[in-house]
Amino acid sequence: MSSLNDIPHLTDLPNIDASLFERPSSERLGVPQSVEHAPRILLLYGSLRERSFSRLAVEEAARLLTAMGAETRIFDPKGLPLPDAADASHPKVDELRTLAQWSEGMVWCSPERHGAMTGIMKAQIDWIPLSLGGVRPTQGKTLAVMQVCGGSQSFNTVNQLRILGRWMRMLTIPNQSSVPKAFMEFDENNRMKPSPFYDRIVDVMEELVKFTLLVRERSDLLTDRYSERKESAEEISKRVNQRAI
């Protein structure tokens, strides 16, 4: 096993037992790797509060992902307009869409409000199109879902996020995180306290990195569909016939 100082950034993870921490790798997964860059993970959170617990949970997840060898980006939803209230040239919309295309996997974390995800969370997902200039920004990419709760533990929000992940044609990993009474789980330095809820986030991030390594070089093959091949063939045929006329 690695020592604490052998793993980059693990010194910033005081809750981690270094002797048990593992960094997923293509070699251990038995995956031939032609892509050399680190797995690219985009993290979204669903609150604009100054002390946003969904943001704090995402920051903990990003630290873990970095220690596991991933490259992370956290999108700040502040200033993102409501869907259809602006066009796609808006700087925050362009930023979000660029990050979505850059990513190979995502983490979505929302508070549960009135039994559902927040409008802030949904707006971010709604601004990511199924198709963008002939490219599908989310299709075949991995997704981990998380939620924070103000009261007792609930799974309404992660269940909704799973539905959205399927709609966006993403591979949502089996594991998930729901943190009850989130206001009790973070200390005065805005770091998550050691607990089974923290350990679950570790598990979720480890699983996300593994799934991302497994599928990122195969996503084109996994998402290749008969119906789309047929549609493409028909479009080519129409263009050829028009030229002949």
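The structure presented is a predicted model; accordingly, all values stated were derived computationally and were not measured. (Residues numbered from 1 in each chain as written. Predicted model: local features only at pLDDT ≥ 70, side-chain atom pairs only at ≥ 80, totals over all residues. Heavy atoms only, no water.)

Participant: Explain unusual backbone geometry here, please?
Facilitator: Glycine aside, residues mostly have negative phi angles, and peptide bonds mostly take the trans form. Positive phi values are uncommon outside glycine, yet H114 reaches one of about 50°. Structurally, H114 can be placed in the loop between β3 (105-113) and β4 (116-117). The class for H114 is exposed, based on a relative accessible area of 82%. Here the phi dihedral of K181 falls at roughly 40°; this positive angle occurs in a residue that is not glycine. With respect to the helices and strands, the residue K181 is situated in the loop between β7 (177-179) and α6 (196-215). (Helix = DSSP H or I, 4+ residues; strand = E, 2+ residues; numbered from the N terminus. Buried < 20%, exposed > 50% of the residue type's maximum accessible area, 1.4 Å probe, protein only.)

Participant: Would you explain the packing of aromatic side chains in this entry?
Facilitator: The description of an aromatic ring pair uses the distance of the two centres, along with the angle that the planes make with each other. Enumeration according to the criterion identifies 1 aromatic pair in this entry. Pairing F53 with F186 gives two aromatic rings, centres 5.8 Å apart and planes at 35°, and the pair type is tilted. Here F53 is found in helix α2 (residues 53-67), whereas its partner F186 is found in the loop between β7 and α6, with 133 residues between them in sequence. Assigned by exposure class, F53 and F186 land together as buried. (Phe/Tyr/Trp six-rings, centres within 6.5 Å; stacked < 30°, edge-to-face > 60°.)

Participant: Would you take a moment to explain the pattern of salt bridges for this structure?
Facilitator: Opposite charge on two side chains lets them pair, provided their charged atoms get close. Applying the stated rule across the entire model yields 11 salt bridges. Close ionic contact of D126 with K122 constitutes a salt bridge, the shortest N to O distance being 2.8 Å. Remark: K122 and D126 occur in helix α4 (residues 119-127); sequence separation between them is 4 residues, near one turn of the helix. Since its relative accessible area comes to 31%, K122 is described here as partly exposed. Among the charged side chains, a salt-bridge network with shared partners connects D12, E60, R63 and R191. (Salt bridge = Lys/Arg side-chain N within 4 Å of Asp/Glu carboxyl O.)

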